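What follows is the residue order along each chain.
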Amino acid sequence: MLSKIMRWFIKQINILIGLLVLIIGLITTPLPIPIGIPLMVVGGIILLKNSYQAKRVYNKARKYLKKNVSYVMSFWIKFENILRYKKRLTPKGRTK
């Protein structure tokens, strides 16, 4: 019985560590030190290894993107075109 409780406790500590590393990665992403994204990846891996809910959310997002990748890509292409038109329409002296 004690080993079951200890396994549960260790799993909860691992989930907490994963969340902490993920949050630190999110905070350090805008810094000039290139450590934010690798920290987010490590935190995500720790969460996916220890949390059933995180696995479910990840799999749902993967399935959604797999089905709707053409829709997402068409939206991105439209967004890129809007940015191109904005660049054409703004005078060269203005930065906004």
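Analysis parameters
- Residues numbered from 1 in each chain as written.
- Predicted model: local features only at pLDDT ≥ 70, side-chain atom pairs only at ≥ 80, totals over all residues.
- Heavy atoms only, no water.
- Patch = residues over 30% accessible without salt bridge, like charges linked within 9 Å, V, L, I, M, F, W, Y side chains within 5 Å.
- Areas by Shrake-Rupley, 256 points an atom, 1.4 Å probe, with all protein chains shown as cover.
- Salt bridge = Lys/Arg side-chain N within 4 Å of Asp/Glu carboxyl O.
- Helix = DSSP H or I, 4+ residues; strand = E, 2+ residues; numbered from the N terminus.
- Buried < 20%, exposed > 50% of the residue type's maximum accessible area, 1.4 Å probe, protein only.
- Lys, Arg positive; Asp, Glu negative; His and termini not counted.
- Charge placed at Lys NZ, Arg CZ, Asp CG, Glu CD.
- Contact = heavy atoms within 4.5 Å.
- Expected span 1.5 Å × (residues − 1).
- Arc of directions from axis to C-beta.

## As for a nonpolar patch on the surface
- A cluster of nonpolar side chains, Trp-8, Phe-9, Ile-13 and Ile-17, forms an exposed patch at the surface whose accessible area comes to about 410 Å².
- Topologically, Phe-9 is positioned in helix 1 (residues 2–28).
- Overall, Phe-9 belongs to the partly exposed group, its relative accessible area being 45%.

## Thoughts on a positive patch on the surface
- Positive charge collects at one region of the surface, where Arg-62, Lys-63, Lys-66 and Lys-67 lie side by side.
- Considering the arrangement of structural elements, one finds Lys-63 in helix 3 (residues 52–89).

## What to know about the environment of Ile-45
- Relative to the helices and strands, Ile-45 is located in helix 2 (residues 36–50).
- The sequence separation of Ile-45 and Leu-22 amounts to 23 residues, and the corresponding C-alpha distance is 9.5 Å.

## Some remarks on the side chain of Thr-28
- Position of Thr-28 among the secondary structure elements: in helix 1.
- Judged by relative accessible area, Thr-28 falls into the buried class, the value being 15%.
- Leave out the neighbours within four places in its chain, and Thr-28 touches Ile-33, Ile-35, Gly-36 and Leu-39.

## Quick word on helix 2
- With 15 residues, helix 2 extends 21 Å between its outermost C-alpha atoms, agreeing within 8% with the 21 Å of an ideal straight helix rising 1.5 Å per residue.
- Within helix 2, burial applies to Gly-36, Gly-43, Leu-47 and Asn-50. Buried residues along helix 2 cover an arc of 75° about the axis, so they all sit on one side. Exposed side of helix 2, more than 90 degrees from the buried face: Ile-37, Ile-45 and Lys-49 are the residues found there.

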